[in-house]
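Residues per chain are reported as follows:
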Amino acid sequence: MADLFVNGIILGSIITLGAIGVTLIADILNFFNFAHGDMLSFGAYLALFFVGAMPSWGNFPGLSFGPQMILAIVFSMVIMSGFALFFDKVLFKPLRERGSSELFLALSSLGVAFILRSIIRLVWGPQAQYYGGLQMANRYPLGITIKPDEFFIVGTALFLVITVYLFLKRTKIGKAMRAASDNETLARVTGINTESVVNWTWIIAVSLTAASGILYGIQVQIRPIMGWNILIPIFVAVVVAGVGDVWGAMVGAMIIGVAQEMLTGVLQNLFNALNLDVLMTAYKPAIAFVLMVIVLLFRPQGIFGTGE
Amino acid sequence: MSLLNVNNLSAGYGEVDVLHGISLDIDEGELVATIGPNGAGKSTLLRSISGVIKPDEGRLELGGTDITGSEPEDTIRMGMSYVPQDENIFPSLTVRENLEMGAFTLEGDFQDRIDEICTIFPQLRERMGQKAGTMSGGQQQMVAVGRGLLIKPKLLLLDEPTAGLQPSLVKMMLSKVEEINDRGVTVLLVAQTIDALRLANRAYLLSAGEMVLSGETEELLDTDRVQDLYFGG
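Criteria and thresholds
Residues numbered from 1 in each chain as written. Chains lettered and ligands numbered in written order. Predicted model: local features only at pLDDT ≥ 70, side-chain atom pairs only at ≥ 80, totals over all residues. Contact = placed C-beta atoms within 7 Å. Helix = DSSP H or I, 4+ residues; strand = E, 2+ residues; numbered from the N terminus. Nonpolar A, V, L, I, M, F, W, Y, C, P; charged D, E, K, R; others polar. pLDDT = per-residue confidence, 0-100. Expected span 1.5 Å × (residues − 1). Axes fitted to C-alpha atoms, helices over the stretch in contact; angles between N-to-C directions. Parallel < 35°, antiparallel > 145°, perpendicular 65-115°, else oblique. Left-handed = near helix turned anticlockwise from the far one by under 90°. Core = buried A, V, L, I, M, F, W, Y, C linked by C-beta atoms within 7 Å. Buried ≥ 20, exposed ≤ 12 C-beta atoms within 10 Å, placed from the backbone. Pairing = 2+ DSSP bridges.

Across the boundary between the two partners, chain A contributes 13 residues, which contact 20 residues of chain B. For the side of chain A that touches chain B, the secondary structure elements donating two or more residues are helix H6 (172-182) and helix H7 (184-189) of chain A. The dominant element in the side of chain A that touches chain B, judged by the number of residues it contributes, is H6(A), at 5 residues. The class makeup of the residues in the side of chain A that touches chain B is 5 nonpolar, 4 polar and 4 charged.

Printed below as a string of structure tokens:
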């Protein structure tokens, strides 16, 4: 059980980075970005390209990768931010200016998702790929097993969450983003440049999701469908927490990560004991959805949402 | 020379015309009220002057400079602040952050301005770190007006700053408006009550988007239209 909990925290860290992006876009740009998952995959593949293109400087002690991975993460985050700004300029901004509804913005983002996934299949093929070699897990008390890479995953996620939090809390543009999310009309009245708020929202949201994809790739493997699959728990984390709150997104993601891992494990043991031939891992997204329905029945505005 | 000159202004929302050929003048240091029944276009007038909505026709000048069609960020740089009637704070931001947003377009830390705002609204001093959304209606209104004062405006556009307040707070807020004007800020006030109107040197009466009457407050108070507006008829 303790091991499943730890697995849930690791998965939760990866979901957190995606969920913060989704919640910021939903809050400030007013639509659920269906391209978020495939942006996550694309970020992972870009890192794969950079890791391959760079000379090897050896691995960090204990980890399955070296300094080139840090550079690959940074490059991938920067390039994905550029992609996001590009898609905003050619697609989302014209739609906003024509007063498109949230539904059409979301559907357009679905189009972006398919475009990105097609490019991935075209360039990298459909087969699973890996950044580096396999890694043995270390054993800890209570039957917990953790791979050294997984400390890196959780640490990097935490570092990025704190960085974003400080950005939103301390910088002028961060405060303006929170102001615009509170009250867009008043933000305009006070002279806040809404265009730069939109740009920074994309930069933060999509660079985080690129990092999330790379960490997910380190943890499991890199596949064209990886982002689309994790998009469901990301959306559920945002809905469960209530749109618009960075810490909320993190708590929502942790709840979803831990619940998915633990419930999957518990139910699998149960079915095994009953000699039923059911593979629970296939139903992980269903667990996320059931959890979402339960939360929304009792708190339609989400756990942290104010209902505004 | 007048600080604000509005000449033959027409404005509205999309296909809906609200204001029809409004003209008015405000001199430096004045406290001028606009009055009128609900739906007369008072709020639309302030929104058009501040640049939140663009005029369909007419000309706006601030200190002799043409500001017709300017964005709010430009008019703020030129020293004009606008405080809307409602939804005029950022609820999840602290009081200090709300005040800072008043000078988003300008550089600097504005601590001296925040200090001066706290001398006008002492209750805000202890609450700088509190989220504005958790405050009472009266305190939120102080935050909103304080935000408008941050740039040390030449002209402050105040849309019914007493709306929704209980009577004791209405009196307090009106005395603050008077104090702000005494400190040298020219004020254009949407006046909902007769007490608010009495603060003003002059007033303009709007009805159905047209300017129907203007003049010294004392003279206007004697007219039937103003009597009807405030005392029914």
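For the rest of this paragraph, the subject is the confidence of the model for chain B. Residues and elements named next belong to chain B. Looking at chain B as a whole, its pLDDT mean stands at 91, while 100% of the residues score no less than 70. Mean pLDDT across the secondary structure elements of chain B bottoms out at helix H9 (residues 224-231), with 80, and peaks at strand S7 (residues 155-159), with 96. For this predicted complex, the interface confidence score (ipTM) comes to 0.88, while the overall pTM stands at 0.87.

This part takes up helix H10 (residues 246-273) of chain A. With 28 residues, H10(A) should cover 40 Å at 1.5 Å per step; its first-to-last C-alpha distance of 41 Å lies within 8% of that length. Phi turns positive one or two residues past the end of H10(A), at Asn275(A), with a value near 60 degrees.

The packing of two helices is summarised by the inter-axis angle and the distance between the axes. Residue and element names in this part refer to chain A. For the pair helix H9 (residues 226-241) and helix H11 (residues 284-298), interaxial distance at closest approach is 10 Å and the crossing angle is 15 degrees. Between H9 and H11, the angle falls in the class roughly parallel. When you trace H9 past H11, the crossing you get is left-handed. On the side of H9, the interface is formed by Ile232, Pro233, Val236, Val239 and Val240, while H11 contributes Pro285, Ala288, Phe289, Leu291, Met292, Val295 and Leu296.

What follows covers the nonpolar core. Core analysis: the biggest nonpolar cluster contains 167 residues, and Ala237(A), Val238(A), Ile256(A), Leu157(B) and Leu189(B) have the highest contact counts within it. If you tally residues by element for this core, the top one is helix H8 (residues 194-219) of chain A, at 14 residues. Apart from residues no more than four positions distant in its own chain, Ala237(A) is found in contact with Ile15(A), Ala19(A), Ala249(A), Gly252(A), Ala253(A) and Ile256(A).

Residues and elements named next belong to chain B. Counting buried positions over the 5 residues of strand S8 (residues 186-190) gives 5, a clear majority of the element. Burial of the side chains of S8 extends over both faces: Thr186, Leu188 and Val190 are buried on one face and Val187 and Leu189 on the other. In this sheet, S8 lies alongside strand S3 (residues 31-35) in parallel orientation, the contact comprising 4 bridges. Across the sheet, residue Leu31 finds its bridge partner in S8, namely Val187.

All names here are of chain A. The N-to-C vectors of H9 and H10 enclose an angle of 125 degrees; their axes lie 8 Å apart at closest approach. Compared by their axis directions, H9 and H10 come out oblique. Viewed along their axes, H9 and H10 form a crossing whose handedness is right-handed. From H9, Pro233, Val236, Ala237, Val238, Val240 and Ala241 reach across to H10, where they touch Gly248, Ala249, Val251, Gly252, Ala253, Ile255, Ile256 and Gln260. Its residues assigned to classes, the contact of H9 with H10 shows 11 nonpolar, 3 polar and no charged.

Below, the discussion takes up the environment of Gln111(B). Inspection of the secondary structure assignment puts Gln111(B) in helix H4 (residues 111-120). As for Gln111(B) and Glu100(B), which are separated by 11 residues in sequence, their C-alpha atoms are 9.4 Å apart.

Looking now at the environment of Asn183(A). Residues and elements named next belong to chain A. Relative to the assigned elements, Asn183 resides in the loop between H6 and H7. Judged by the 20 C-beta atoms lying within 10 Å of it, Asn183 is buried. For the pair Asn183 and Val290, spaced 107 residues apart in sequence, the C-alpha separation works out to 32 Å.

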